[in-house]
Amino acid sequence: MKFVWGIHPNALAYSMTTLGAGMMNSIFNFYYVKLFLNRYKISEAAFHQAQVVFMIWNAINDPLFGYIQDNSSFSCCSRRQFSILYGAPLYALAFLLPWFPWKHYEEGDWQSGLHLIIALCAFDGLLTFVLLAQCALFAEISTRHESRLQLIKYNQVATLLGSTSILFCGLISDNMENFASFQAFTVLVAALATACMCYTGKYSTSQYEQREICMENANLENGDGTLSWSSVISLTKQIMAEKNFLLFVAMNFFQIFHLAFCNNFTMIFADNLIPKDVLPSSLRSIMYGAGFICPQCLVLLSHTSLKKFGYYRIILFSFYFEGVAAAAMFILGSEHYYLLAFYLTTNMVIVQASFSLFNLPLADIVDADLIKHKRRSPLSSMVFGTNALFTKPAQSLAPMLVVTILNQFGYENLNNEVAQPDPRPCGMLELRNFLNDFYLHIKKKVTASRGRVCPFLPYFIYLTHFIAFY
């Protein structure tokens, strides 16, 4: 691959999808819960119904699209680049769905619940179709560990640039207070994201460029090349038979739960725990932006450490750090507002940074599956999709659990009340005390759960790099 001005063109093309998706995903995940709860006044029952439908669709679509992309005879599905190229415009349109209400919603309006269901399912379906193809590209561009670390490096730069959308969105829309400006900004983001992802579709390449030409002969699992449920089940069983894969999925479930918790509720917790006269709107925008920007900086700065220590030690260290930080904040208490703001931001940074490394062990699992079953081409999409089958439900379980508990302490009623002259009514104090205890409790419980799973991971992680370095 020829370098231009020191830039690897294939790594650049690959990372452009990360840039486009990062701009949209950051805004979507950060704002949609607050939008539907606070602005659209969705009822708790409708919110839970939407999350249940989303959880089912979220789990099904990943292995379904994974099987289609690995076995389809249509180039728009079988070729990773075409999947990204043709899926990008639809992905951007799905991103815009939640920000434009169908009408002026009254409190508890059933249409707001239907709006949330369609917005979540459409966005996640197109996100899965495009990003599953990109994940497969990650495993197929090269099998060399050094090349994959290079892709991670380019990917983190792209994610860093994409995550600035949160910062600019917050500053331009005053953290969604100016809703017209917010809507205009999301349209701009959708247009830029489409252009970025189309660049990947046009210019990225992989070492399996000819896989679509020999697809009829390369389908080892189903000789006639048709899509059947028996082959889906057979391939999924082969993937799930791997102990290493199951161990990773167990840990990844808790990581995604924690990540969804941070992305969806950090703004809500900060708004209720930190008085606005202590931390003004502009500083909050910077704080929220830093929670999405700094993780990429951290991963880029740790590139040398990743080569030296491996990603298992780095990820495990991040889990220990989160536990220590939670304990320290619990001891200090929530009255130290600037320290609490720093803790909330640092928490988002560490969780997102460690999650950014998870493609590396999954790519190793793809390689191991390719060798063990002597396949002509890797089942990259199916491995990533089967992982998502069991881990994506955590994205719905986190907001369902948190919203239920928050409403038990009056959050729903607090949002429906008109602002009162007394900034600290009795109900607000009760909710505020609960938010502090609840945040740290959930933090410690999730960290402890992941900490119990992680010690089982060294087997497959160290095996790959032991062979590579010795």
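This text gives an overview of the structure that appears in the document.

Cut-offs applied
Residues numbered from 1 in each chain as written. Predicted model: local features only at pLDDT ≥ 70, side-chain atom pairs only at ≥ 80, totals over all residues. Heavy atoms only, no water. Helix = DSSP H or I, 4+ residues; strand = E, 2+ residues; numbered from the N terminus. Buried < 20%, exposed > 50% of the residue type's maximum accessible area, 1.4 Å probe, protein only. Contact = heavy atoms within 4.5 Å. Areas by Shrake-Rupley, 256 points an atom, 1.4 Å probe, with all protein chains shown as cover. Core = buried A, V, L, I, M, F, W, Y, C linked by side-chain atoms within 4.5 Å. Axes fitted to C-alpha atoms, helices over the stretch in contact; angles between N-to-C directions. Parallel < 35°, antiparallel > 145°, perpendicular 65-115°, else oblique. Left-handed = near helix turned anticlockwise from the far one by under 90°. Nonpolar A, V, L, I, M, F, W, Y, C, P; charged D, E, K, R; others polar. Salt bridge = Lys/Arg side-chain N within 4 Å of Asp/Glu carboxyl O. 1 Å grid on protein atoms, 1.4 Å probe; cavity = no way out; pocket = protein on both sides within 12 Å on 5 of 7 lines; lining within 4 Å. Points joined across faces, edges and corners; volume = space filled by probe spheres on them. Patch = residues over 30% accessible without salt bridge, like charges linked within 9 Å, V, L, I, M, F, W, Y side chains within 5 Å.

What follows covers the overall build of the protein chain. Within the protein chain, the secondary structure is distributed over 20 helices and zero strands. When the 470 residues of the protein chain are sorted by exposure, 59% land in the buried category. Partitioning the intrachain contacts of the protein chain with sequence separation of at least 6 by distance along the chain shows that 86% fall at a separation of at least 24. For the protein chain, the exposed area adds up to about 20,000 Å²; of that, 67% sits on carbon and sulfur atoms.

Bringing the nonpolar core into the picture now. Nonpolar side chains tend to gather and get buried jointly when the protein is soluble and globular. Ranked by internal contacts, the top residues of the largest apolar core, which has 117 residues, are Ile27, Tyr31, Tyr91, Phe95, Trp99, Phe265 and Ile274. For this core, the element with the most residues is helix 1 (residues 9-39), which contributes 16 residues. Setting aside anything within four residues of it in sequence, one finds phenylalanine 265 in contact with Val33, Ala398, Pro399, Val402, Val403 and Leu406.

Our next topic: the packing of helix 1 against helix 5 (residues 110-141). The interhelical angle for the contact between helix 1 and helix 5, taken along N-to-C directions, is 160°, at an axis separation of 11 Å. Considering the angle they form, helix 1 stands roughly antiparallel to helix 5. In the crossing of helix 1 with helix 5, the sense of the turn from one axis to the other is left-handed. When grouped by side-chain class, the residues that make up the contact of helix 1 with helix 5 number 15 nonpolar, seven polar and no charged.

A few words now on the pattern of salt bridges. Summed over the entire model, instances satisfying the criterion amount to three salt bridges. Lysine 103 is paired through a salt bridge with aspartate 109; the nearest N and O atoms lie 3.0 Å apart. Lysine 392 is the partner of aspartate 124 in a salt bridge, and the nearest nitrogen-oxygen pair spans 3.9 Å. One end of the pair, aspartate 124, is in helix 5; the other, lysine 392, is in the loop between helix 16 (380-391) and helix 17 (393-408), and 268 residues separate them in sequence.

This part takes up empty space enclosed by the protein. Overall, the coordinates contain four cavities of 30 Å³ or more when judged by the stated rule. Around the largest cavity, the lining is made up of 45 residues, and of these Asn25, Leu127, Leu131, Leu259 and Phe355 lie nearest the centre. When its residues are assigned to classes, the lining of the largest cavity shows 21 nonpolar, 21 polar and three charged.

What follows deals with the environment of glutamine 81. Following the sequence through the fold, glutamine 81 ends up in helix 4 (residues 80-96). Take glutamine 81: its relative accessible area is 4%, and that puts it in the buried class. Separated by 117 residues in sequence, glutamine 81 and cysteine 198 have C-alpha atoms that sit 8.8 Å apart.

Turning to a nonpolar patch on the surface, a few remarks are in order. A surface patch of nonpolar side chains, amounting to about 500 Å² of accessible area, comprises Leu97, Trp102, Trp110, Leu114 and Ile118. Residue placement: tryptophan 110 occurs in helix 5.

This part is about the packing of helix 10 (residues 243-273) against helix 17. Relative to each other, helix 10 and helix 17 sit at 45°, their axes nearing to 8 Å. Taken together, the axes of helix 10 and helix 17 are oblique relative to one another. Considering how the two elements wind past one another, helix 10 and helix 17 form a crossing that is right-handed. For the pair helix 10 and helix 17, the contacting residues are Phe253, Ile256, Phe257, Ala260, Phe261, Asn264, Phe265 and Phe269 in the first and Ala394, Gln395, Leu397, Ala398, Pro399, Leu401, Val402, Val403 and Leu406 in the second. For the contact of helix 10 with helix 17, the per-class residue count stands at 15 nonpolar, two polar and no charged.

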